[in-house]
2 protein chains.
Amino acid sequence: MSAIDHLLHANVSYAKTFPGPRPLRPKLRLAVIACMDSRLDLFGALGLDIGDAHLIRNAGGLPTDDVLRSLALSQRSLGTREVVLIHHTECGMQGFDDVAFRAELASESGHEPPWDVPGFSDIRATMRTSIAVVRGCLWIPHRDDVRGFIFDTATARIDEVLA
Amino acid sequence: MSAIDHLLHANVSYAKTFPGPRPLRPKLRLAVIACMDSRLDLFGALGLDIGDAHLIRNAGGLPTDDVLRSLALSQRSLGTREVVLIHHTECGMQGFDDVAFRAELASESGHEPPWDVPGFSDIRATMRTSIAVVRGCLWIPHRDDVRGFIFDTATARIDEVLA
């Protein structure tokens, strides 16, 4: 069985205890921006229930233009107000050489990637920058409650970074 | 208590039963691309365990440039090979007027948004396009196992869309 066939099998069991329809608008009026990392189960780690919050995730959990697009839509069309940003220890974007990565892709494919998302060294400084990017984004109507946390992949504890 | 304070409290309980460190590289060598929708708990719906798969999520679950960046990093730096795309019923991007949305943001802020991500009408046709975008992306080394599913927000069942 491929990994995907394993998931299809698990989905049948999951559906048997699924609570059924919930509203499109998130109940907690919350959007979470986090890394794609495989050790980060946001429902578990934050005690979320089905229907509670939007979950926006990319490599690094960084507020790229596409993340800001999703967040603008989340707040303007679907009623969220609070924002939580989550970076984590032992991240693949920590120490990542984005310039070399893009050069490698351009050289192999003959096409320059359209993104420019640098890796980082100091995760807490990066979080302060991420918070500032969201707070400074004019397309996001609610920017008072933007808070940032570091998830520890060894202990699962989240630790707040004050802006 | 704000929504965020509620999450902090839940995290303390979660950490008590967390299994501890897992490797940075996803065990199933899988990346999942899905919508940010609040009713989609990917760990539950796909039977994922901590450390199994990368989870990339945005508004619509659409393969934007930032999603392709994350996927390229997932495969090239962190060893994933299979890709699962998940769109879902009752999506906020279904019938979404992106042109009006961007005009509204530009008018209010005085700055034109840099993204251009249209809403969709036929979710299965959109999935076929999404699969084709990933399969056509020259920056992604492994494009043989790219499969797409529609998650039903009422029943939690996933239904495959053949490309």
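See the structure printed just above.
This structure is a prediction, so every number in the text was calculated from the model and none was measured.

Draft legend 1. Quick peek at the overall build of chain A. The helix and strand tally for chain A stands at five helices and five strands. Along its sequence from the N terminus, chain A presents helices and strands in the succession α-β-α-β-α-β-α-α-β-β. When the backbone C-alpha atoms are referred to their principal axes, chain A occupies close to 50 × 45 × 35 Å. Within chain A, buried positions represent 57% of all 163 residues. Within chain A, residue pairs in contact and separated by at least 24 positions form 66% of the contacts whose partners lie at least 6 positions apart.

Draft legend 2. The arrangement of the side chain of Asp52 of chain B in detail. With respect to the helices, strands and loops of the structure, Asp52 of chain B is situated in the loop between α2 (42–45) and β2 (53–58). A polar atom in the side chain of Asp52 of chain B sits 2.8 Å from the backbone nitrogen of Asp49 of chain B. Sequence-distant contacts of Asp52 of chain B, defined by excluding residues within four places in its chain, comprise Ser38 of chain A together with Pro26, Lys27, Leu28, Arg29, Leu30 and Gly47 of chain B.

Draft legend 3. How the structure looks around the pairing of strand β3 (residues 82–88) of chain B. Residues and elements named next belong to chain B. Counting buried positions along β3 yields seven of seven residues, so the element is predominantly enclosed. On β3, burial covers both faces: Glu82, Val84, Ile86 and His88 on one face and Val83, Leu85 and His87 on the other are all buried. Across five bridges, strand β1 (residues 30–35) lies against β3 in parallel orientation. Within β3, the position partnered with Ala31 by the bridge is Val83. Where β3 lies against strand β4 (residues 146–151), six bridges are found, and the strand directions are parallel. Bridged to His88 within β4 is Phe151.

Draft legend 4. Quick peek at the packing of helix α3 (residues 65–78) of chain A against helix α4 (residues 98–109) of chain B. In the contact formed by α3 of chain A and α4 of chain B, the axes pass within 12 Å of each other and the chain directions differ by 95°. Classed by the angle they form, the pair α3 of chain A and α4 of chain B counts as roughly perpendicular. From α3 of chain A, Ala72, Leu73, Arg76 and Ser77 of chain A reach across to α4 of chain B, where they touch Phe101, Glu104, Leu105 and Glu108 of chain B. Classifying every residue of the contact of α3 of chain A with α4 of chain B by side-chain character gives four nonpolar, one polar and three charged.

Draft legend 5. Main features of the nonpolar core. Leu71, Leu73 and Met93 of chain A together with Leu71, Leu73 and Met93 of chain B are the most contacted members of the largest nonpolar core, which has 66 residues in total. In contact with Leu73 of chain A, other than residues within four places in its own chain, are Leu78 of chain A together with Met36, Ala59, Met93, Phe96 and Phe101 of chain B. In terms of nonpolar packing, the next biggest core, distinct from the first, is built from 46 residues, Ala53 and Phe149 of chain A together with Val32 and Leu42 of chain B among them.

Draft legend 6. Structural view of the interface of chain A and chain B. Taken residue by residue, the interface counts 85 residues in chain A and 85 residues in chain B. Of the roughly 7,300 Å² buried at the junction of chain A and chain B (both faces included), carbon and sulfur atoms supply 66%. Among the residues chain A hides against chain B, the three largest losses belong to Met36, Arg69 and Trp139 of chain A. Together they make up 11% of the total. At the junction of chain A with chain B, the criterion picks out six salt bridges. A salt bridge links Arg76 of chain A to Glu108 of chain B, with the nearest nitrogen and oxygen atoms 2.8 Å apart. Where chain A touches chain B, the interface holds 31 residue pairs in polar contact (both at pLDDT 80 or more). For the side of chain A that touches chain B, the elements supplying multiple residues, two or more each, are α1 (3–16), α2 (42–45), β2 (53–58), α3, β3 (82–88), α4 (98–109) and β4 (146–151) of chain A. Taken together, the residues that form the side of chain A that touches chain B break down as 47 nonpolar, 19 polar and 19 charged.

Draft legend 7. Spotlight on the packing of aromatic side chains. All names here are of chain A. On inspection of all chains with the given rule, the structure shows eight aromatic pairs over all chains. Look at Tyr14 and Phe18: their rings are 5.7 Å apart centre to centre, the planes differ by 55°, and that puts the pair in the tilted class. Exposure class is identical for Tyr14 and Phe18. Each is buried.

Calculation rules
- Residues numbered from 1 in each chain as written.
- Chains lettered and ligands numbered in written order.
- Predicted model: local features only at pLDDT ≥ 70, side-chain atom pairs only at ≥ 80, totals over all residues.
- Heavy atoms only, no water.
- Helix = DSSP H or I, 4+ residues; strand = E, 2+ residues; numbered from the N terminus.
- Buried < 20%, exposed > 50% of the residue type's maximum accessible area, 1.4 Å probe, protein only.
- Contact = heavy atoms within 4.5 Å.
- Polar contact = N/O pair within 3.5 Å; in protein donor to acceptor, adjacent residues only side chain to side chain.
- Pairing = 2+ DSSP bridges.
- Axes fitted to C-alpha atoms, helices over the stretch in contact; angles between N-to-C directions.
- Parallel < 35°, antiparallel > 145°, perpendicular 65-115°, else oblique.
- Nonpolar A, V, L, I, M, F, W, Y, C, P; charged D, E, K, R; others polar.
- Core = buried A, V, L, I, M, F, W, Y, C linked by side-chain atoms within 4.5 Å.
- Buried area = accessible area lost by both parts, 1.4 Å probe.
- Salt bridge = Lys/Arg side-chain N within 4 Å of Asp/Glu carboxyl O.
- Phe/Tyr/Trp six-rings, centres within 6.5 Å; stacked < 30°, edge-to-face > 60°.

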